[in-house]
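Residues per chain are reported as follows:
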Amino acid sequence: MRIGELSRRTGVSERLLRYYEQQGLLRPERLPSGYRTYRASDVAVVRRIRALLAAGLSTATISQVLPCLRDDGEHLVPTCPDLLGELRAERDRMTSAIEDLELSRSLLDRVITAGQSALS
C-alpha cells in the first residue's frame, strides 16, 4: 500500500509516517518511481509506535525496543530478555523528571502565594 492508504488506516499523517521512516521506525520498500510501499503489517507497527510515544518514549528509544515487542491484542509484550531492564530504567528516568517538575511547581506556587500576599 502507498503512504496515503497507511495514513488513512492508522490516522497518522503522511508527514509523521515519513518522520518515522527517517527515524528508522518504518522501512517501506521503494518502487523504481520512488514511491514508498508499505506492508499490511506496517499498520500494526505504526500502532505500536503510537502506543510507545503515548507512554512517553522517544523515537530513539522506540527504535531500540520496537524489535523486541509483540502485540498480544491487548498489550505490548516484551520478547527480549534485556528489554524489561531498559524499560524500567526509562520509567525511572520519567519518575525523576516528574519529581523535578513537582519541585519546580511547588517553588512557583510559593512565588505566586508571596506575590498575592504582597499585592493584596
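- As annotated in an unreviewed UniProt entry, the chain is MerR family transcriptional regulator from Streptomyces antioxidans.

Observations concerning the overall build of the chain
Moving on, step 1. Secondary structure summary: the chain contains 5 helices and 4 strands in total.
Moving on, step 2. Taken from N to C terminus, the helices and strands of the chain fall in the order α-α-β-β-α-α-β-β-α.
Moving on, step 3. Computed over C-alpha atoms, the radius of gyration of the chain comes to 20 Å, more than 25% over the 14 Å expected from 2.2 N^0.38 for 120 residues, which places it beyond the range of a compact globule.
Moving on, step 4. Across its three principal axes, the chain shows a C-alpha extent of roughly 70 × 35 × 25 Å.
Moving on, step 5. The burial tally for the chain puts 25% of its 120 residues in the buried class.
Moving on, step 6. Taking all contacts inside the chain whose residues are at least 6 apart in sequence as the whole, residues at least 24 apart take part in 42%.

Structural notes on the nonpolar core
Moving on, step 1. Core analysis: the biggest nonpolar cluster contains 20 residues, and Leu17, Tyr20, Leu26 and Ile49 have the highest contact counts within it.
Moving on, step 2. Every element with two or more residues in this core is listed here: α1 (3-10), α2 (14-22), α3 (42-54) and α4 (59-65).
Moving on, step 3. Counting residues per element, this core draws most heavily on α3, at 5 residues.
Moving on, step 4. With residues up to four places along the chain from it excluded, the contact list for Leu26 reads Leu6, Leu17, Tyr20, Glu21, Tyr38, Asp42, Val45, Val46 and Ile49.

Rules behind the numbers
Residues numbered from 1 in each chain as written. Predicted model: local features only at pLDDT ≥ 70, side-chain atom pairs only at ≥ 80, totals over all residues. Heavy atoms only, no water. Helix = DSSP H or I, 4+ residues; strand = E, 2+ residues; numbered from the N terminus. Rg over C-alpha atoms; globule rule 2.2 N^0.38 Å. Buried < 20%, exposed > 50% of the residue type's maximum accessible area, 1.4 Å probe, protein only. Contact = heavy atoms within 4.5 Å. Core = buried A, V, L, I, M, F, W, Y, C linked by side-chain atoms within 4.5 Å.

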